[in-house]
Amino acid sequence: MSNNHSLAKHINQAKSELDKNPFKAKRYGKISSVVGTVVECTGLEASIGESYCIHTTTGKKVTAEVVGLKNGQTFLIPYDRVDGIKSGCLVESLGQTLSIPVGIELLGRVVNADAEPIDKLGPVLCKQQRPVHNTPPAPLERKQIDEVMYTGIRAIDTLNTLGVGQRLGLFAGSGVGKSVLLGMIAKHSDADVNVIALVGERGREVQEFITESLGEEGLARSVVVAVTSDMAAMSRIKGAFTATAIAEYFRGQGKNVLLMMDSVTRVAMAQREIGLASGEPPTTKGYTPSVFAILPKLLERAGKTKSGSITALYTVLVDNDDMNEPIADAVRSILDGHIVLSRRLAHRNHYPAIDILQSVSRVMPKIISDEQRAVAMKARELLATYREAEDLINIGAYVKGSNPKIDEAVKKNPGLESFLIQDLHEADFSENLWESLKKIIQ
């Protein structure tokens, strides 16, 4: 009787400890089947988002995340390839939340989704750990955006002014110069630290971005998280969250961080791949509901707090230059503004190919003076007037003197275009930048 009482006491004590720390007890299961990238397991008492280790037949341990539960089966998707995984392989709980090493030692390094170096410059010896998945700052913990983040790009600093702690989308089709623009901003902006996430990029483009667009000067104060297109979908998603977690660490150290992610569309595509594989119903263009759930969880983590700030630039690839495709529409509704790169301008060698009339910064009116706002509005008005009459002007159908506004726009358009065009290696931090624009439009 006493033995039964002692056993019951021991079981109750174990349950109590498990309730306090659900990861304390190791849990094991076995793989029952592998279909595509989805691994089905039995014997696990798992919950969505937990991390497990799969012991493969090759001796390699592959980390996987729980993405679904059904009829006693647990569905996991590995962060790596599924080579060597077969029915009967052991699945073991990692016993901890997914975390990465963070520290000042990451500066100047190129790392993967696990924050492990891939630049062959030796190990990164960081003493701190930070969870990859974190909750965004509470609304009332955020500070108002009231300070300009200078980028050195005239088209942004004057007509689409960026604020410290703002989240801005960079919308572009393929091949119009978005990566080059990101490199220019990373190299010349007045941020303390750059955190750059290259998600789903070609391996060649990663090397080119680091050596040509970013350069030694930009890399010295940057952390690059590179997860190429050949990596597993879970790894690509993790790369985006890893970069955000690194940016949060530096924000907690009181730094003004510039987070750049290229691209959010490839993160969404990776989540669509996972959603479809785990049985989610497809919606518009095949994107699953989880795609639209994950976007705010990722994008809302940037911003300005009492300790520091994360100013974020997220690129969005638009199919067929359609600015209203599902991901572009969802991202635009979450962010604090958007910059649109135009293929029409790129074809005319107008770089950076920023379409001023389609771009907007929602915090710009709060962070510039009334005089500067008046100058920006006048410049936009001249650009809009010229564009409306451009076809008539080009075919010679417009007669000078017919419309005073068009006459003024025609006269001042060459100066405006010259002001907005910049060379790859040119950065303009001139104190009289607004005065220069004012002289052009007067």
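Residues numbered from 1 in each chain as written. Predicted model: local features only at pLDDT ≥ 70, side-chain atom pairs only at ≥ 80, totals over all residues. Heavy atoms only, no water.

### Side note on the overall build of the protein
Item 1. Looking only at helices and strands, the protein has 13 helices and 17 strands in total.
Item 2. Along the first, second and third principal axes, the C-alpha set of the protein runs to 105 × 40 × 40 Å.
Item 3. Expressed as a percentage of its 442 residues, the buried residues of the protein come to 51%.
Item 4. When contacts within the protein are restricted to residue pairs at least 6 apart in sequence, long-range pairs at least 24 apart make up 70% of them.
Item 5. Counting every atom, the protein has about 20800 Å² of accessible surface; 51% of that belongs to carbon and sulfur.
Item 6. Averaging the locations of the 52 positively and 52 negatively charged side chains of the protein gives two centres separated by 4 Å. (Helix = DSSP H or I, 4+ residues; strand = E, 2+ residues; numbered from the N terminus. Buried < 20%, exposed > 50% of the residue type's maximum accessible area, 1.4 Å probe, protein only. Contact = heavy atoms within 4.5 Å. Areas by Shrake-Rupley, 256 points an atom, 1.4 Å probe, with all protein chains shown as cover. Lys, Arg positive; Asp, Glu negative; His and termini not counted. Charge placed at Lys NZ, Arg CZ, Asp CG, Glu CD.)

### Structural notes on helix α12 (residues 404-420)
Item 1. Its 17 residues give α12 an end-to-end C-alpha distance of 24 Å, which sits within 8% of 24 Å, the value for a rise of 1.5 Å per residue.
Item 2. Of all bends in α12, the biggest is about 45 degrees, found at Lys-412, and the proline Pro-414 comes one to four residues later.
Item 3. Of the residues making up α12, those classed as buried are Ile-406, Ala-409, Lys-412, Asn-413, Leu-416, Phe-419 and Leu-420.
Item 4. On its buried face, α12 sits against α2 (154-157), α11 (370-394) and α13 (433-441).
Item 5. Its side-chain oxygen 2.9 Å from the backbone nitrogen of Lys-405, Asn-403 forms the N-cap of α12. (Expected span 1.5 Å × (residues − 1). Bend = angle between axes of the 7 residues up to and from the residue. Polar contact = N/O pair within 3.5 Å; in protein donor to acceptor, adjacent residues only side chain to side chain.)

### A closer look at the sheet that holds strand β4 (residues 61-70)
By way of backbone hydrogen bonds, the strands of a sheet pair with one another, either parallel or antiparallel.
Item 1. Strand order around the closed barrel formed by six strands is β1-β2-β5-β4-β3-β6, with antiparallel pairing between neighbours. On average, adjacent strands in this sheet sit at an angle of 45 degrees to one another, irrespective of strand direction.
Item 2. Pairing geometry for strand β2 (residues 38-42) and strand β5 (residues 73-78), over three bridges, is antiparallel. In the strand pairing of β5, Cys-41 is matched with Thr-74. (Pairing = 2+ DSSP bridges. Axes fitted to C-alpha atoms, helices over the stretch in contact; angles between N-to-C directions.)

### A closer look at the packing of aromatic side chains
Item 1. In total, this model carries two aromatic pairs according to the counting rule given.
Item 2. Measuring from ring centre to ring centre gives 5.1 Å for Tyr-249 and Phe-250, while their planes differ by 70 degrees; the resulting arrangement is edge-to-face.
Item 3. Arranged with centres 6.4 Å apart and planes meeting at 70 degrees, the rings of Tyr-287 and Phe-292 form a pair that is edge-to-face.
Item 4. Taking NZ or CZ as reference, Arg-154 lies 5.6 Å from the ring centre of Phe-419, over its face.
Item 5. Between the NZ or CZ atom of Lys-238 and the centre of the ring of Tyr-79, over which it lies, the distance is 5.1 Å. (Phe/Tyr/Trp six-rings, centres within 6.5 Å; stacked < 30°, edge-to-face > 60°. Lys NZ or Arg CZ within 6 Å of the ring centre and 35° of its normal.)

### Re the side chain of Ser-359
Item 1. Turning to its location among the elements, Ser-359 is positioned in the loop between α9 (343-347) and β17 (360-361).
Item 2. Side-chain polar atoms of Ser-359 contact the backbone nitrogen of Val-340, separated by 2.9 Å.
Item 3. Once residues within four sequence positions are removed from consideration, Ser-359 is found in contact with Asn-160, His-338, Ile-339, Val-340, Ile-354 and Arg-380.

### Side note on the side chain of Thr-315
Item 1. Here Thr-315 lies in strand β15 (residues 309-317).
Item 2. Residue classification places Thr-315 among the buried positions, given a relative accessible area of 0%.

### Looking at the pattern of salt bridges
Item 1. Throughout the structure, instances matching the rule amount to 23 salt bridges.
Item 2. For the salt bridge of Asp-336 with Arg-167, the shortest nitrogen-to-oxygen distance reads 3.1 Å. Here Asp-336, found in the loop between α8 (326-334) and β16 (337-340), pairs with Arg-167, found in strand β10 (residues 167-172); they are 169 residues apart in sequence, far enough to count as distant.
Item 3. Put simply, Glu-273 and Arg-236 hold a salt bridge, and the shortest N to O gap is 3.3 Å. (Salt bridge = Lys/Arg side-chain N within 4 Å of Asp/Glu carboxyl O.)

### Concerning the nonpolar core
Buried together is how nonpolar side chains tend to be arranged in soluble globular proteins.
Item 1. If you look at the biggest cluster of nonpolar residues, it comprises 61 residues, and the most contacted ones within it are Ile-246, Tyr-314 and Val-331.
Item 2. Here the element with the most residues in this core is helix α5 (residues 233-252); it accounts for 11 residues.
Item 3. Residues contacting Val-331, with those up to four places away along its chain left out, are Phe-171, Val-264, Leu-295, Leu-299 and Val-316.
Item 4. Ranked by size, the runner-up nonpolar core spans 57 residues in total, among them Ile-145, Ile-210, Ala-346 and Tyr-386. (Core = buried A, V, L, I, M, F, W, Y, C linked by side-chain atoms within 4.5 Å.)

### Points about the confidence of the model for the protein
Item 1. Here the protein averages 88 in pLDDT, while 94% of its residues score no lower than 70.
Item 2. When pLDDT is averaged over each helix and strand of the protein, the minimum, 46, is found for helix α1 (residues 2-20) and the maximum, 96, for β17. (pLDDT = per-residue confidence, 0-100.)

### Quick look at α8
Note that an α-helix has 3.6 residues per turn; residues three or four places apart therefore point the same way.
Item 1. Most of α8 sits inside the fold, with seven of its nine residues counted as buried.
Item 2. Looking only at α8, the buried set comprises Pro-326, Ile-327, Ala-328, Ala-330, Val-331, Arg-332 and Ile-334.
Item 3. Where α8 is buried, its residues touch β10, α6 (264-277), α7 (289-299), β15 and β16.

### Brief notes about the packing of α11 against α12
Axis angle and axis distance: for two packed helices, these are the angle between their axes and the distance between the axes, and together they describe the pair.
Item 1. At a minimum axis separation of 8 Å, α11 and α12 run at an interaxial angle of 110 degrees. In this view, α11 runs roughly perpendicular relative to α12, as classed from their interaxial angle. Both α11 and α12 take part in a crossing whose hand is left-handed. For the pair α11 and α12, the contacting residues are Lys-378, Ala-379, Glu-381, Leu-382, Leu-383, Thr-385, Tyr-386, Ala-389 and Ile-393 in the first and Lys-405, Ile-406, Glu-408, Ala-409, Val-410, Lys-412, Asn-413, Leu-416 and Leu-420 in the second. (Parallel < 35°, antiparallel > 145°, perpendicular 65-115°, else oblique. Left-handed = near helix turned anticlockwise from the far one by under 90°.)

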